[in-house]
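Each chain, written out:
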Amino acid sequence: MRGDGRTLSDKIIDAHAVDPGETGAYREVRVDALLGHDATIALLVDEFERRGLEIWDRERVIFTNDHFSPPATIERADISNRFLRFARERDVTHLMLDRGICHQLLVESPLCAPGSLIVGADSHTVMGGGVGACATGMGSTDILYALATGRTWMQRPATVRVRFHGSLGAHCNGRDVVLELLRLLGESGARYRSLEFHDLGHVPLGQDDRFAISNMAVELGAKFGVFVPDEVTAAYCAARDGRRPDDLPAPDPGARYERTVDVDLSALTPRIARPWSPGNVVPVRDVERRPVSVAFLGSCSSGRLTDIRDAAEELDGKAVHPHVRFVVIPASVGVFQEALEAGYVATLTSAGAIFNHSSCGPCGGIDKGVLGAEDVCVSTSNRNFRGRMGHWESRTYLASARTVARAALAGHIGPDLYEAGGAREARGARG
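Small disclaimer: the values here were computed from a predicted structure and weren't measured.

Reading across the sheet, the four strands line up as β10-β9-β8-β11 and stay open at both edges, with parallel pairing between neighbours. Two strands in the sheet have a free side with no partner beyond their single neighbour: β10 (224-227) and β11 (259-264). Averaged over all neighbouring strand pairs, the angle between strand axes comes to 20°, with direction disregarded. Relative to β10, strand β9 (residues 193-199) runs parallel, the two being bridged by four bridges. Bridge pairing links Ser-194 to Phe-224 in β10.

Low-pLDDT portions of the prediction should not be read for the details of their coordinates. Mean pLDDT over the protein chain works out to 95, with 97% of the residues at or above the 70 mark. Contacts of residues 421-431 to residues separated by more than four positions or lying in other chains number 27 contacts, the stretch itself having pLDDT below 50.

All told, the structure shown has eight aromatic pairs when counted by the stated rule. Three or more aromatic residues joined by ring pairs form one cluster here, namely Phe-48, Phe-63, Phe-83 and Phe-86. Against the face of Trp-276 rests Arg-386, its NZ or CZ located 4.3 Å from the ring centre. Sitting over the face of the ring of Trp-276, Arg-395 holds its NZ or CZ atom 4.8 Å from the ring centroid.

All right, on to the pairing of strand β18 (residues 376-379) then. A regular strand places its side chains on the two faces of the sheet in alternate fashion. Every second residue of β18 is oriented toward a common face, with Val-376 and Val-378 on one face and Cys-377 and Ser-379 on the other, all of them buried. As paired elements, strand β15 (residues 294-297) and β18 share three bridges and run parallel to each other. Bridge pairing in β18 links Ala-295 to Val-378. Here β18 pairs with strand β19 (residues 395-398) via four bridges, running parallel.

Locating Ser-214 in the fold gives a position in helix α8 (residues 207-215). Engagement of the side chain of Ser-214 in a polar contact is seen with the backbone oxygen of Gly-225, the distance being 2.7 Å. Apart from the residues lying within four places of it in its own chain, the contact partners of Ser-214 are Val-126, Met-127, Gly-129, Gly-130, Phe-197, Gly-225 and Phe-227.

Inspection of helix α10 (residues 305-315) places Asp-307, Ile-308, Asp-310, Ala-311, Ala-312, Glu-314 and Leu-315 among the buried residues, and these make up the whole buried set. If you follow the buried residues of α10, they end up packed against β15, β16 (325-328), α11 (333-342), α12 (344-351), β17 (354-355) and α13 (401-410).

In this section: the side chain of Asp-10. Relative to the assigned elements, Asp-10 resides in helix α1 (residues 8-15). At 3.2 Å, the side chain of Asp-10 and the side chain of Arg-156 are in polar contact. Asp-10 has contacts with Arg-156 and Pro-157, leaving out every residue within four places of it along the chain.

A separate point is the sheet that holds strand β4 (residues 94-96). The five strands lie next to each other as β4-β3-β2-β5-β6, forming an open sheet whose pairing is parallel. The outermost strands of the open sheet, each flanked by one partner alone, are β4 and β6 (134-137). With direction set aside, neighbouring strand axes in the sheet form an average angle of 15°.

For the rest of this paragraph, the subject is the nonpolar core. In terms of nonpolar packing, the biggest core is built from 36 residues, with Ile-272, Ile-308, Phe-326, Leu-348, Val-378 and Ile-413 touching the most fellow members. Those elements that place two or more of their residues in this core are β15, α10, β16, α11, α12, β18 and α13. Tallying contributions element by element places α13 first for this core, with six residues. Look past the residues within four positions of Ile-272 in its chain and what remains in contact with it is Leu-179, Asn-280, Val-281, Val-282, Pro-283, Val-284, Val-287, Tyr-397, Leu-398, Ala-399 and Ile-413. Residues Ile-12, Leu-34, Leu-44 and Val-228 belong to the second largest nonpolar core, which totals 31 residues.

Rules used in this analysis
- Residues numbered from 1 in each chain as written.
- Predicted model: local features only at pLDDT ≥ 70, side-chain atom pairs only at ≥ 80, totals over all residues.
- Heavy atoms only, no water.
- Pairing = 2+ DSSP bridges.
- Helix = DSSP H or I, 4+ residues; strand = E, 2+ residues; numbered from the N terminus.
- Axes fitted to C-alpha atoms, helices over the stretch in contact; angles between N-to-C directions.
- pLDDT = per-residue confidence, 0-100.
- Contact = heavy atoms within 4.5 Å.
- Phe/Tyr/Trp six-rings, centres within 6.5 Å; stacked < 30°, edge-to-face > 60°.
- Lys NZ or Arg CZ within 6 Å of the ring centre and 35° of its normal.
- Buried < 20%, exposed > 50% of the residue type's maximum accessible area, 1.4 Å probe, protein only.
- Polar contact = N/O pair within 3.5 Å; in protein donor to acceptor, adjacent residues only side chain to side chain.
- Core = buried A, V, L, I, M, F, W, Y, C linked by side-chain atoms within 4.5 Å.

Written out as structure tokens, the structure reads:
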């Protein structure tokens, strides 16, 4: 659809332009917030200090130590300490020490608001789009400039409109939705585009589902993965901030879209991405049967309360297969506390799951469950490239928390996971 109006990302970029009259391909824009974590901010510390720079606004910076939390090696401890020293010496207001994964902490912050423009030193910063923010990841050099000036340069991306219709079935969530988009569009299907999500379903997607979809927009190559904010957004922000947002920005009725993709949520079945690409997606019913040795529920793309709830529902009163290590890492300490209060932690640990501290962990092959050469893992992480979660010869399948839990129970992936008597068959105590 090609109209004369502006898309949501067009309007947000225009609202943040330093020179509103500029018409070039690149716009200088002011940012509302900047996100950084230990592994990437540590890369710019020496240059920042060598140039004698100062942070433009310490109230608008969110720093987290999530990759090395707590550090597993001496080298990583030194990196973490360099990052923490830098943040403390500059009195960064929002220094989240061992509180969880940076992208989850971003969306738990009032700085991530509908219509805001956010940059971060990590590609999955796009997750802020779940509340209607234009959020994107950048390299450490670009972040250095933004950290010192509060500005960056940005090309206005073309926009692909994605419309969701119907409602999700009982076995599907936002992970299945974004895996379906990867099946439809491939890893480069939205390269340097803004994916603008319109939730037109008669049962709206939940906020956790939206975060999962926006988070993996970057796996499609997207610059932004932004939901048009609505009452779901307003309710989430009101619960988080104690008040409703002042504004819920929307695209113009005649907005110019490069293309439109329609997704019927009612027809969706559970999806799984085979090695070694997030775009190598098939329905679970079509995946080859294969024993698994590791099940992982966590990462910034999942590990939220509804994911942990789904897993607890599947394993309640049952036991993880004796040949499977089931690792659970809540996306933040706040999520972990909610899961404790809801009884999900007790349910999952009684079934044989292992809870680890809120951090990136095995998602990037860092710690707390990395894979060995013979491991086959079914995971809620966002990438399954070869060697991503550990050994080059390991294999990772991407799926939803419910599918991961069923595989942990059955001891395998395969077409029978959602058939009667498949993964739901109760097992005895772990042996």
